[in-house]
Every structure is written in C-alpha cells, then in structure tokens.
Amino acid sequence: MPPKEKPKEDYSLKVTKPNIGRGNATGNHKLTLVEQRHFLYVRIVRAKNLPVNNVSGTCDPFVELRVGNFKTTTRYLDKTSNPEWNQVFAFTKDRIQGRTIDILVRDKEFVNDEIVGCVSFDIADIPTRSPPDSSLAPQWYRLEDRNAVKVVGELMLAVWIGNQSDDAFSVAWHSDAASVSGQSVAYTLRKEYLSPRLWYLRINVIGAQDLVPRDKNRKPEVYVRAVVGNVVLRSRFSPDKSMSPSWNEELMFVAAEPFDDPLIMSVQDKEECLGKCVIPLQNVEKTVLLAPPMGDKWFNLERSVVEKEEKKEAKFATRLHLKVFLDGRYHVFDEPTYYCSDLRATSPELWPNKIGILELGILKAEGLLPIKSKDGRGTTDAYCVAKYGQKWVRTTTVVDCLAPKWNEQYCWDVYDPYTVITVGVFDNSHLQVVDEKGGAKDPRIGKVRIRLSTLETGRIYTHSYPLIVLQPNGLKKMGELHLAVKFSCASLVNLLGTYTKPLLPIMHYTSPFSVYQLDSLRHQAIHLLCLRLGRADPPLRKEVVEYMLDTGANMWSLRRGKANCERVMACLSGTVRLWKWFDEICQWKNPTVTILSQTIFIGMAIFPRLILPTLFMVVFMVGMLSYPKRPRHPPHMDTRLSHAETASSDELEEEFDTYPSSKQGEVMKKRYDRLRSIGGRLVTMIGDLATQLERMHSLLSWRDPRATCMLMMLCVIGGCMAYLVPFKYVAVLIGIYVMRPPRMRVSVPALCQNFLRRLPAKTDIIL
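These numbers were taken from a predicted model, which means no experiment stands behind them. (Residues numbered from 1 in each chain as written. Predicted model: local features only at pLDDT ≥ 70, side-chain atom pairs only at ≥ 80, totals over all residues. Heavy atoms only, no water.)

Peer 1: Just to check I follow, could you spell out the overall build of the chain for this structure?
Peer 2: Counting secondary structure elements, the chain contains twelve helices and 30 strands. Taking 2.2 N^0.38 as the reference for a compact globule, 767 residues should give roughly 27 Å; the C-alpha atoms of the chain span a radius of gyration of 36 Å, well beyond that estimate. Seen through its C-alpha atoms, the chain measures out along the principal axes to roughly 120 × 90 × 65 Å. Relative to all contacts within the chain whose residues are 6 or more apart in sequence, the contacts with residues 24 or more apart total 70%. (Helix = DSSP H or I, 4+ residues; strand = E, 2+ residues; numbered from the N terminus. Rg over C-alpha atoms; globule rule 2.2 N^0.38 Å. Contact = heavy atoms within 4.5 Å.)

Structure follows, in structure tokens:
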C-alpha cells in the first residue's frame, strides 16, 4: 500500500465568535474584549500577638490557605509574633470544588498538623467587587482553633470575588500555577514594561591640541576612540600627522534614560593612549526642538604615565575639540521600518496629537504543540508578550496546558495609524528553578502582527491566528492564538489628517542618515533594550525582545529573496495585463473592441478636456466595483508568498546559519557558487536596465554624432509640423497608425526601436 499523505496544515485566518462584551467604553477597567473570569482573591496582610512555641520560645509563622482542592502557603518569617506578609492569592472560581475557604496560621516548628489558629469563610457569603470600585479594606479577624474557640492572636486580611481587571490580578499568586513556588512565582505574573526613552548621542570630533606621543621621533598616527557602555566606536586616522590633528568626523551612539554610562573619549596613537576624558551624559546638552544645537567645546584630556623606575604617576593635560549633544529630533528605530509600532521623535515637544486608542484582548490559545516533557508527557507553559510603542505587556503564564486561557485586556494610545502591534507567544522555561546565569531560554511558539491602518475604526475584530514558526527543519504550525482587537478614534478628521503629514519626524528628511548608519544604530538600540528590560523583575528575556523586534530581519535569505521578486512581479502584473490588452486592440483580436477603442481615442484627441474627467471617473468606478471584494480580515502571514512551504532544507539551513557562518568546506563552496549564479543574473538584469537608460541619455550627448544629428533634424521637422498642424490631428494619426489592422503590419521591429538599439552605452568601457 502506498504511504498515506501527511494532511496539509491550515495556515488560514479564522473568524471566531467569543462571548465578549460589545460595549463602546474604552480603557482597562472595562472588559469589553475578553470573557470575564471570576477569581476568589485573598489578601494576607499581617498578624499580631501570635503565641510563641513553648519549646523554642519563638514563633516562625506562615499562613496556609485551603480552597477546595487547592492549597498554598505564604512565605514564613523568622522569630516574630507580629509578622507582615502583604501577599495576594487568586483562585479561579469555576475550578473551586469546595464551599469554604480555610486560612490557617501555622508555626514552622509545629508538627502533627498543629495550628496557631484559623479563620474560615463561606464562599457563598464573600462579597463581589470590580473596578472602578475601590479596593476592599482588610480587617482584623480573631483566630480560632479547630473547635471554633477563640484563641490568642489576630490576622488582618481581605477576601473578595473579582475579575481579571482587578488591581490585585497582576501581583497575585494564581491557582493556575499551583505547581510553581518560591522565587519562580514572579515569572508567572502579568506585568507591564516600559522601554526607556532612547536618544541619538552625536559626537562631532573636530580636532585635538598639544598631543604628546611617547615616541617623538616619528609622526603620530592618531585616531579618536569613543566608548559608551560596551559599545566602542572610533574615527579614521587623522590626515594631519602632527601634534594638533583634525578630523571633522561624526560618531553616533544610542543612549537610554537614565544615563547610567558616561561617554569616554580618548585619543589613540595606534595602541598608545595620548589622553582621555569622561563626560557624564547627564551634563550633555539636549536638542529637543528643530533649532540647531549649541556650539562646540574644548575638553581637557588626562594622561597617566607610569615611570618604570620610580613607579610614580604623572599627569599631562591636552585638549580635544568636540561638539557633543543628545539629539531628540529624530525617531530612534528599534524595529524594522516596515514593522514600526511608534514613529514619534524622542522629544515630547515634537510629538503629534493622540488620534485614538488601541485595545487588545488576548483570549486563549488552542492546539499548542508540547515544548517540554513533564512526568513522561509533553506539555507547554505558555505566556504572551505584546509590544506597541514604548509599552510592553506580558500575560500570566498558564502552567502545564496545551489550550491556555488568558482573557486579559490591554490598552495603548495611538498617534499614527501606520503602525503595527506585535503579539508573540513563548514557553516559560524559568518555573522550576530560577536561572541566575540566564542560560535557559524561552522557546518561541509564534508571532502575530496587525497593522492598525487595516482596521476599521470602532469595529471589534475577533480572529484565530495560526502560530507559525520557521525552523531549520521546515515550517511548523505551533497552534492558534485567539485575539480581539479594536481601534477607536475620537475624531475622524484628525485621523484622516495624519495621512497628509510626513511619516517620520522632519529631521529624517532635512538631514537624513544613511542606510548603514540606521542599521548600526538600530542594533545598538536593540542591545540597550535587551539590557534594560532584562533588569526588570521578572526580566523580559533577551531572546524574547530580539524575537519581538525582528533582530535578524536584514540577514540574507534566499527564500525571502524569491518572495520579494514575486511581490515585484505581482505589482507589475497590472501593467503587463494592460499592455497585453492594448496589444490585443492593436492586433484586432476583437474588431468590435478595437473599433470602440479607436472611437473613444479619437473623441478624446479631438476634445482633450474630457481626458482628465474620464480618467478620474474610471478610477472611481474601479474603486466602487472593488468595494464588495474588499478584505474583511486583518492580513496575516502568507506561507505561500513567503516560500516557507517550498523552501528546501539547504536553503533553510543557510537562513538559520550564524553570522559569521559556522559551516566550512563543500557546504560553503556550494552556497557561494549558488550566490554567484544568483548575483550574476541580478547583475545582468541591472546592466540591461542601465544600458537602456544610458542609450536614452546618449541621444543628445553626441556620443554617436550621426544619431544625435538625425535626432536634431527630426526635432526641427517635428517642431515645424507641430506648429503648423494642430496637435489633436497629430494625436489622431499616431493613434490610428498604432492601432492599424494586422494586414498593414510587418513583423520587423519598429523604427524607433531600431534607432534606440543602435545608440551607444557605457557597456563598452566596463572591464
């Protein structure tokens, strides 16, 4: 029997109908985009007057909570009768099987289930609250023994039933992560992160004065070295090989607030340091308006010389001429330009007005593939990260579940509709043992991007997005992510007004950076974000930040190259179809259409005032006819367009190779030969295009004197005819000639083509 074919994966976007609110209110306190989930919250604040242990003479108290089939404890405190915990616990209400909640105060030294005291509540009598209600005030409760007899000691706590919009949700221990304990609990909580404000640090190195090299018998070869944190840049060697060299060169860094790392400038003569200075970035001038920055300054350099014999330290001062400032007039790119979630300048004075609000509901995931093994079975501890603008959000981690439910809602301010929100799904690898050295990484499960300009304002989009990951062994669907998205704007006029404004701050157009500069600065920005977000508690892992920001977007990929070629051909297909249609008219494939086209053309030529109105009406009619076929869903990853399904194993292995490459020998030779063949075809195509353009340019350059002379004579004759004969008759004659019947045609190339093909180009002088 032939082997069964593997069922084809479904990578399409699906419409879902979750049970969510459809209200018009916006903001985090209204759960309009997610299903409400109710939780039993318990806030354990502190206790007082607890009895001491008769054996040890001290009290090491902790609190144990029992709710149905769930049991958890607070941290225990050493040697105190008045402990303070300030911990919150959240139990999913629909998974609670018991009717009461028991809160037991225990002493660590006690055995045989002895307790200091307890407090019990009937779950049916617990009050319900939800924002914008104020938080429930904790109360003192007298402790009881197992026989409901009052004992010594009191416990301050609060118990209520709320939903996921409660303020305590993000700091509470959750029963969905009951298997997690200790310091790892922090890795399961919902958190919000803010990217630091990024600035361009611009250093114009002008010159130096009074340098003193160690070897005075040779001319110094001097350059300037700049260091911020662990990023090092250097200038070129000064062309002035003297003691007062000049450079007039600019070095650029990306700096993040607060400015922890200073700027260290040094003048180097090869490996010898001729002097250095430390410039705190807090003291550097900030340029926040479109006005030019302040002038340059002289900085004294210090040089330490250790005498070999006396071991004494001496200092000698030289000067370095610099212009240093923090430029806030640009947008600091930390994402690829076509996936940007924020286009504002660093300076708040240059920000546009807010145009709307973006609301995102992360509902659930389905069909996740197991990432790790636990107790002999595959499982996943999934969480989501969403990034838009400077705000990052991280959902709770649903432990040991292949179909997690989050139902968490977030909100962002929108300043430009041409922005993208990115949602990534990851597996949490830091739940069992806290990784102090950061060796463990959170595997990626998939990513979703949604461009706001593709969304209708006020409409709630609920879709199931396939989570697709391209791996060295091929394309894999990791599951599906259910999202609800809503883009609201207060003023349609302000929203439409953004389409008439520049996409980037003005300085990107008046004083642009090169592509290489932007690429280098973007990598600096990503490095800074990884460092700063990695210092949060819990940290946002480096691999998560790099995946969300598409660090390797500019790396070589044969698959993406094929996809981009197909995109270009698809965009040109309309022009090709139009040309084929016109050629069919000229060839009289359908005489009725040809005669009708000639009649319309002659009418336009005789009455040229009808050309523009007719053109505008045709465009309007095409748009109206396309309206019923308009896209109804946000765009999502197209695996066929991306060539992800058809990419060979060698192509994928090359795409996921490190930089520089880790391969050697025959593999590198094969890849290099393939690149040479592809590059050769590209060079040929570019050369053909350049040849045609150079032929057009050579018409009047007298490179071919006879051709230029013929063109000039033709222009004189054409000018006279255009003056004597009305243009509409000339246009009618040209149109009738072009659309003449096939019997009046010849199969040889046209006169103009023959003339252009004989013109010279610079191909002849290329080696």
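Peer 1: How do you make sense of the pairing of strand S21 (residues 356-366) when you look at a structure like this?
Peer 2: On a regular strand, each side chain points to the face opposite its neighbour's, so the side chains alternate between the two faces of the sheet. In terms of burial, S21 is a largely internal element, nine of the eleven residues being buried. Relative to strand S26 (residues 405-414), S21 runs antiparallel, the two being bridged by eight bridges. Looking across to S26, one finds that glycine 356 is bridged to valine 414. The pairing of S21 with strand S30 (residues 474-489) spans ten bridges and is antiparallel. When the sheet's bridge partners are listed, glycine 356 is paired in S30 with cysteine 489. (Buried < 20%, exposed > 50% of the residue type's maximum accessible area, 1.4 Å probe, protein only. Pairing = 2+ DSSP bridges.)

Peer 1: What should I look at first to understand the packing of helix H6 (residues 591-606) against helix H11 (residues 727-738) in this one?
Peer 2: In a pair of packed helices, the angle between the axes and the distance between the axes together describe the arrangement. At a minimum axis separation of 8 Å, H6 and H11 run at an interaxial angle of 160°. Here H11 runs roughly antiparallel to H6, going by the angle between their axes. Regarding H6 and H11, the two cross each other, and that crossing is right-handed. Taken together, the residues of H11 that come into contact with H6 (itself represented by Phe601, Ile602, Ala605 and Ile606) are Lys728, Ala731, Val732, Gly735 and Ile736. In terms of residue class, the contact of H6 with H11 is built from seven nonpolar, one polar and one charged. (Axes fitted to C-alpha atoms, helices over the stretch in contact; angles between N-to-C directions. Parallel < 35°, antiparallel > 145°, perpendicular 65-115°, else oblique. Left-handed = near helix turned anticlockwise from the far one by under 90°. Nonpolar A, V, L, I, M, F, W, Y, C, P; charged D, E, K, R; others polar.)

Peer 1: Explanation requested: the sheet that holds strand S11 (residues 191-194) in the structure shown.
Peer 2: Hydrogen bonding along the main chain pairs the strands of a sheet, whether they run parallel or antiparallel. Taken together, five strands build an open sheet; the order of strands is S11-S25-S24-S27-S28 and the sheet is antiparallel. Across the chains shown, the open sheet's two edge strands, defined by having one partner strand only, are S11 and strand S28 (444-451). Taken over all neighbouring pairs, the strand axes of this sheet differ in orientation by 15° on average, direction set aside. Both strand S27 (residues 420-427) and S28 contribute to a ladder of seven bridges, which runs antiparallel. In the sheet register, threonine 422 faces S28, and the bridge partner there is arginine 449.

Peer 1: How should I be thinking about helix H10 (residues 705-724) in this particular structure?
Peer 2: Note that an α-helix has 3.6 residues per turn; residues three or four places apart therefore point the same way. Under the 1.5 Å per step criterion, the end-to-end length of H10 is 29 Å for 20 residues, consistent within 8% with the ideal 28 Å. Within H10, the full set of buried residues consists of Ala707, Thr708 and Leu711. An end-on view of H10 places all buried positions within 90° of arc, on one side of the element. For H10, the exposed residues lying more than 90 degrees away from the buried face are Arg706, Met710, Met713, Val716 and Leu724. Summarising the contacts, the buried residues of H10 are in contact with helix H12 (751-757). (Expected span 1.5 Å × (residues − 1). Arc of directions from axis to C-beta.)

Peer 1: Is there a simple way to think about the sheet that holds strand S1 (residues 14-15) in this case?
Peer 2: Pairing is antiparallel in the open sheet, where five strands are placed in the order S1-S29-S30-S21-S26. Whereas interior strands pair on both sides, the edge strands pair on one side only; in this sheet they are S1 and S26. As judged from the two bridges shared by S1 and strand S29 (residues 460-471), these two strands associate in the antiparallel manner. The residue of S29 that forms the bridge with valine 15 is histidine 463.

Peer 1: Looking at this model, I keep getting lost on the confidence of the model for the chain. Mind explaining?
Peer 2: If pLDDT is low for a region, its predicted coordinates should not be looked at in detail. On average, residues of the chain score 84 in pLDDT, and 93% of them are at 70 or above. Per-residue pLDDT stays below 50 along residues 22-28; that stretch engages in 18 contacts with residues further than four places along the chain or on separate chains. Here residues 305-316 is modelled with pLDDT under 50, and outside its nearest four sequence neighbours on either side it reaches 15 contacts, counting other chains as well. (pLDDT = per-residue confidence, 0-100.)

Peer 1: Please clarify how the side chain of serine 347 should be interpreted in this entry.
Peer 2: Inspection of the secondary structure puts serine 347 in the loop between strand S20 (313-327) and S21. Those residues in contact with serine 347, other than ones at most four positions away along the chain, are Val288 and Gly328.

Peer 1: Is there a simple way to explain the nonpolar core in this structure?
Peer 2: As a rule of thumb, nonpolar side chains are buried together in soluble globular proteins. With 36 residues, the main nonpolar core has Leu40, Ile44, Phe91, Ile103 and Leu155 as its most contacted residues. Of all elements in the fold, only strand S2 (39-48), strand S3 (61-67), strand S5 (84-92), strand S6 (100-107), strand S7 (117-122) and strand S9 (150-162) reach the threshold of two or more residues within this core. Looking at this core, the element that brings in the most residues is S9, giving five residues. Beyond its immediate sequence surroundings of up to four residues, isoleucine 103 is in contact with Val42, Ile44, Val63, Glu64, Gly117, Cys118, Val119, Phe121, Leu155, Leu157 and Val159. Core analysis: the second largest hydrophobic core is formed by 35 residues, Ile355, Ile362, Ala365 and Ile445 among them. (Core = buried A, V, L, I, M, F, W, Y, C linked by side-chain atoms within 4.5 Å.)

Peer 1: What's the story with the layout of surface pockets in this structure? I'm lost.
Peer 2: Over the atoms rolls a probe the size of a water molecule, and in doing so it shows where empty space is left. In this structure, the largest pocket occupies an estimated 2,100 Å³ of space. Along its surface, the largest pocket is lined by 46 residues, and Tyr339, Arg449, Asp550, Arg559 and Arg560 are the ones closest to its centre. Breaking the lining of the largest pocket down by element, the ones donating at least two residues are S28, S29, helix H3 (515-533), helix H4 (542-548) and helix H5 (558-586). Classifying every residue of the lining of the largest pocket gives 19 nonpolar, eleven polar and 16 charged. Reported here for the second largest pocket is a volume of approximately 1,300 Å³. Contributing to the lining of the second largest pocket are 31 residues, with Tyr737, Ala750, Leu751, Cys752 and Gln753 lying nearest its centre. When contributions to the lining of the second largest pocket are tallied by element, the ones reaching two or more residues are H5, H10, H11 and H12. Here the residues of the lining of the second largest pocket are counted per class, giving 23 nonpolar, four polar and four charged. (1 Å grid on protein atoms, 1.4 Å probe; cavity = no way out; pocket = protein on both sides within 12 Å on 5 of 7 lines; lining within 4 Å. Points joined across faces, edges and corners; volume = space filled by probe spheres on them.)

Peer 1: Quick question: what am I supposed to make of the packing of aromatic side chains here?
Peer 2: Two measures describe an aromatic ring pair: the distance that separates the ring centres and the angle between the ring planes. Using the criterion set out here, one finds 18 aromatic pairs in the structure. Taking 5.5 Å as the distance between ring centres and 85° as the angle between the ring planes, the aromatic pair formed by tyrosine 200 and phenylalanine 513 counts as edge-to-face. One end of the pair, tyrosine 200, is in strand S12 (residues 198-209); the other, phenylalanine 513, is in the loop between helix H2 (507-510) and H3, with 313 residues separating them in the sequence. Using a relative accessible area of 1% as the deciding quantity, one classes tyrosine 200 as buried. Ring pairing ties together the aromatic residues Phe39, Tyr41, Trp160 and Phe169, which thus form one cluster. Residue placement shows lysine 48 over the ring face of tryptophan 140; its charged tip is 4.4 Å from the ring centre. Taking the ring centre of tyrosine 383 as reference, the NZ or CZ of arginine 394 above it sits at 4.3 Å. (Phe/Tyr/Trp six-rings, centres within 6.5 Å; stacked < 30°, edge-to-face > 60°. Lys NZ or Arg CZ within 6 Å of the ring centre and 35° of its normal.)

Peer 1: Looking at this structure, how should I read H11?
Peer 2: The end-to-end C-alpha distance of H11, which contains twelve residues, comes to 16 Å, matching closely the 16 Å that a straight helix rising 1.5 Å per residue would cover. Those residues of H11 lying buried are Ala731, Val732 and Gly735. An end-on view of H11 places all buried positions within 100° of arc, on one side of the element. Within H11, the exposed residues directed more than 90 degrees away from the buried face are Leu733, Ile734 and Tyr737. In the core, the buried residues of H11 are packed alongside H6.

Peer 1: I'm lost on unusual backbone geometry in this one. Help?
Peer 2: Going from glutamate 257 to proline 258, the amide bond is cis rather than trans, its omega being -10°. Its place among the elements puts proline 258 in the loop between strand S15 (246-256) and strand S16 (263-269). Positive phi values are uncommon outside glycine, yet asparagine 49 reaches one of about 60°. With respect to the element layout, asparagine 49 can be found in the loop between S2 and S3. Of the residues examined, asparagine 49 reaches a relative accessible area of 47% and is grouped as partly exposed. Even without being glycine, asparagine 248 reaches a positive phi, approximately 55°. Within the element layout of this structure, asparagine 248 appears in strand S15.

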